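Observations on the model geometry
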Amino acid sequence: MKSKEREDFKRKQWLMLKRQIEYCYNNSPFYQNKMKNHDIEPGDIKKPSDFQKFPFTRREEIYLSQQEWPPFGNLVAASQSLWNEVHTTTGAMSQPIYVVWSKKDIRNTIDFVSRSLSRLGVTKEDVIYNVFRYGFRMGGLTVHRASEELGCLVIPVGAEGSANSAFDLLINLNPTVFVSFPSEIFKLKERLELRKINPRNTTLRMAVLGGEPGTSVNQIRGVIESTLDIKVYDTYGITEMGPLIGTECLCQKGLHWAEDYFFVEIIDPVTGKTCVPGQMGILVLSDLSREAMPLLRYWTNDYVIMSESLCECGSIMMRTEGGVLGRETDIVSFKGRKFYLLELQEILWGFEGVPGQEFRLILEGGGPIGPEICFLQLESIYERSSGEEQEYADKVVDLVKNRLGINVSIEYVPYGTLNKYGALSPKVSRIIDRRKPDNMI
Ligand SMILES: [Zn+2]
C-alpha cells in the first residue's frame, strides 16, 4: 500500500498518535507509571518505529488497576465531569472490566460506525433490525445511534431477539438490514422455517454481523447468503476499544480498520515484533483520540492477517484478510493436535448439514482418570428423525477426523440448551475442559 494518499494519511495519523501519547502521559496515572517503569518519555518516541518500544497493555492490567482503584482504575484520563457512559466486558474469560466514555468518545464512535454502515450502502431508506445487545453492552446502543445518524428507522430488538413479539416486528416492519451476532442469523432462519416462511422471502437485503468470529469464513458466509438471499458483511469490535472498529466494504475482501481513530498494529506473539504482510499475528490497537479512558498498544488476543494490497473499493484504510481468525485463547490442544475453535465452527456451519448448528466441545479424562476424550455436543434439531441425526453425527465425526485429525464422540442435547450461551461467550459456552491439567499438552 504505497499510494501518496496513504502516505499523507499515515503522517497525519502519526501526529495524532504522538499527541495521544502525550495526553496519556499527562493525564492517565496508569500510562505515566507504565512509561516511567519502561524508562520512556513521550519525547523519546520521535518516529513511528520508536512506538515499538512502548509496552503493550493487557486486559489483566486493566482488571487489576480497576480492582485497586475502583471503579475505572487509574487509567482514566478525564475528570468525572466528562464521564458520560459506562460499558462492561462480558466477563467470559475472567472478571468483567469497566469502560467509560466521554461525550466526545460517544460522538467519535457514532462517526466511525455510521461511516462503516454508510460504506456498506446503508441509507436513510433502510430499516435496521438491531439484535446487538443494549444495556451495558456497547454494540446495541452504538449501532442504534449510528443508524439514527444516518436517518434510518431502527427496531431496537436487543436481547429480545428470541421473543415472538420481536419476530412479529421482523415480519411487520419490513426491515432491510439485520445487525447481529452470526449465530443469531442462523436462529432467524430456523424461526422463519418454523412459521413456514421461505427464508429467502423476507425484506432483508443485508446482514451486518459481528461479536464472534466466523462471518469472513467463505463457507459460512456462503451458506447464510444463499439461505436467506442477502449479502453478509463482517465487522469487528471489542468492548475495551469500541464497536465496528473493523468492517468489510462492498468488496468483502477482509476488514478495513478505522485508522483515523485507532493506530492498528499486527504483532507476532512470539517475537513481539510487527508482522510482515501476509503473516498472522495479534491485533494490537491504540486509541488516537479517546478522551475518558484511552488505551495504548492494547493486546486484543485476536489473530488477524495484514494485507498490503489496495482494495478495489479505493479505501486507503488498512485491510486484514479473512476477518478475525480466532482468539489466542481459543486454541484447543488435544492429544498432541492443536486447532482453533473457529476451524470446528467452520466444519459445522459450513457444510450442508445444519447451518449455524450450535455446539459445545467437552474435553475429559487425562491423568489418573484415563485417556483424554473429546465429546462434541450438538443440539437436536426439530424436524429431524433419530436416523437423520445419526447420519449427520457420522458425517461430522468424519469431517472432524479428516480436517482436525481428532476423534470426537457426538452427544445430542435438547434444542435450545446451548443457544442461550452461544453468542455471548464462545470460549465459555463452546469449550468445557475437565481434563487434568498435568496431562494437557
Ligand atoms: Zn475495500
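**Some details on the sheet that holds strand β19 (residues 431–433)**
- Overall, mixed pairing links the four strands, which are arranged β18-β17-β16-β19 in an open sheet. Every other strand in the sheet has two partners, leaving β18 (409–413) and β19 as the edge strands with one partner each. Strand after strand, the sheet turns through a mean of 20° between neighbouring axes, direction not considered.
- With five bridges connecting them, strand β17 (residues 373–379) and β18 associate as parallel partners. In the sheet register, Leu-376 faces β18, and the bridge partner there is Ile-410.
- Along the sheet face, helix α10 (residues 386–404) touches β17 and β18 and points at about 140° away from the line of β18.

**Things to note about the environment of Val-264**
- For Val-264, the location among the structural elements is in strand β10 (residues 262–267).
- The exposure class assigned to Val-264 is buried, which follows from its relative accessible area of 7%.
- Sequence-wise, Val-264 and Leu-228 are 36 residues apart; in three dimensions their C-alpha atoms are separated by 34 Å.
- For Val-264, the residues in contact, after removing those within four places along its chain, are Trp-257, Glu-259, Leu-283, Val-284, Leu-285 and Met-318.

**Here's the deal with the environment of Lys-335**
- Along the chain, Lys-335 turns up in the loop between β14 (331–334) and β15 (337–340).
- As a C-alpha pair, Lys-335 and Cys-374 span 39 residues in sequence and 9.8 Å in three-dimensional space.
- Among the polar contacts made by the side chain of Lys-335, one reaches the main-chain carbonyl oxygen of Glu-372 at a distance of 3.2 Å.

**Regarding the sheet that holds strand β8 (residues 242–248)**
- If you trace the 11 strands from one edge of the open sheet to the other, you get β4-β3-β5-β6-β7-β8-β9-β13-β12-β11-β10, paired in mixed fashion. Only two strands of the sheet have a single neighbouring strand rather than two, namely β4 (153–156) and β10. Within the sheet, the average angular offset between the axes of one strand and its neighbour, ignoring direction, is 35°.
- Bridge analysis of strand β12 (residues 298–307) against strand β13 (residues 319–327) gives five bridges, and the strand direction is antiparallel. Residue pairing in the sheet places Tyr-303 in a bridge with Gly-326 of β13.
- Taken strand by strand, helix α7 (residues 182–194) contacts β5 (177–180) and β6 (206–209), and its axis lies near 125° from that of β5.

**Notes on the coordination of the zinc ion**
- Note on the zinc ion: its protein donors are Cys-249 (SG), His-256 (NE2), Cys-311 (SG) and Cys-313 (SG). The metal-donor distances range over 2.1 to 2.3 Å.
- If you look at the zinc ion, its four donor atoms make angles of 104 to 113° with each other, and the shape they trace is tetrahedral.
- Along the chain, the residues that donate to the zinc ion are spaced as C-x6-H-x54-C-x1-C.
- The exposure class of Cys-313 is partly exposed, given its relative accessible area of 37%.

**A closer look at the packing of helix α8 (residues 218–228) against helix α9 (residues 341–350)**
- Two elements in contact, α8 and α9, have axes whose closest approach is 8 Å; the angle formed by their N-to-C orientations is 30°. On the basis of their axis angle, the class for α8 and α9 is roughly parallel. Here α8 runs over α9; the crossing is left-handed. On α9, the residues touching Gln-219, Ile-220 and Val-223 of α8 are Gln-345, Glu-346, Trp-349 and Gly-350.
- Across the contact of α8 with α9, the residue classes tally to three nonpolar, three polar and one charged.

**Digging into the pattern of salt bridges**
- For the coordinates displayed, the defined rule picks out 24 salt bridges.
- Between Lys-47 and Asp-50 there is a salt bridge, with its nearest N and O atoms 3.1 Å apart.
- Lys-47 gets classed as partly exposed once you look at its relative accessible area, which sits at 46%.
- Between Arg-297 and Glu-265 there is a salt bridge; the shortest N-O distance is 2.8 Å. Of the two residues, Arg-297 is situated in the loop between β11 (280–287) and β12 and Glu-265 in strand β10; the sequence distance between them amounts to 32 residues.
- Taking the relative accessible area as the measure of exposure, Glu-265 reaches 7% and is therefore buried.
- One network of salt bridges, in which partners are shared, links Lys-4, Asp-8 and Arg-11.

**A closer look at helix α3 (residues 59–68)**
- For α3, the complete set of buried residues consists of Arg-59, Ile-62, Ser-65 and Gln-66. One side of α3 holds all its buried residues, which, seen down the axis, span an arc of 125°. Facing away from the buried side of α3 by more than 90 degrees, the exposed set consists of Leu-64 and Glu-68.
- Tucked into the core, α3 has its buried residues touching α2 (29–37), β2 (98–102) and β12.

**Notes on the pairing of β15**
- Of the pairings in the sheet, the one linking β14 to β15 comprises four bridges and is antiparallel in character. Its bridge partner lying in β15, Ser-333 is registered against Lys-338.
- Hairpin geometry of β14 and β15 is characterised by an intervening segment of two residues between the two adjacent antiparallel strands and by a positive phi of about 50° at Lys-335.

**Quick look at unusual backbone geometry**
- A cis amide bond links Pro-70 with the next residue in sequence, Pro-71, at an omega value of 0°.
- Phi is positive for Asn-174, close to 50°, though the residue is something other than glycine.
- As for its position among the elements, Asn-174 is in the loop between α6 (164–172) and β5.
- The partly exposed category is assigned to Asn-174, whose relative accessible area is 41%.
- Of note, Leu-244 is a non-glycine position whose phi angle comes to about 45°, a positive value.
- Structurally, the position occupied by Leu-244 is in strand β8.

**Observations regarding the nonpolar core**
- With 65 residues, the main nonpolar core has Trp-257, Phe-262 and Leu-285 as its most contacted residues.
- Not counting residues up to four positions away in its chain, the partners in contact with Leu-285 are Tyr-236, Ile-238, Met-241, Ile-245, Phe-262, Phe-263, Val-264, Leu-295, Leu-296, Arg-297, Tyr-298 and Thr-300.
- One finds Leu-188, Trp-299, Tyr-392 and Val-400 within the second-largest nonpolar core, a separate group that totals 53 residues.

Conventions used here
- Residues numbered from 1 in each chain as written.
- Predicted model: local features only at pLDDT ≥ 70, side-chain atom pairs only at ≥ 80, totals over all residues.
- Heavy atoms only, no water.
- Pairing = 2+ DSSP bridges.
- Helix = DSSP H or I, 4+ residues; strand = E, 2+ residues; numbered from the N terminus.
- Axes fitted to C-alpha atoms, helices over the stretch in contact; angles between N-to-C directions.
- Contact = heavy atoms within 4.5 Å.
- Buried < 20%, exposed > 50% of the residue type's maximum accessible area, 1.4 Å probe, protein only.
- Polar contact = N/O pair within 3.5 Å; in protein donor to acceptor, adjacent residues only side chain to side chain.
- Donors = N, O, S within 2.8 Å, 3.2 Å for Na, K, Ca; no water.
- Tetrahedral: all angles 85-135°; square planar, octahedral: opposite > 155°, others 65-115°.
- Parallel < 35°, antiparallel > 145°, perpendicular 65-115°, else oblique.
- Left-handed = near helix turned anticlockwise from the far one by under 90°.
- Nonpolar A, V, L, I, M, F, W, Y, C, P; charged D, E, K, R; others polar.
- Salt bridge = Lys/Arg side-chain N within 4 Å of Asp/Glu carboxyl O.
- Arc of directions from axis to C-beta.
- Core = buried A, V, L, I, M, F, W, Y, C linked by side-chain atoms within 4.5 Å.

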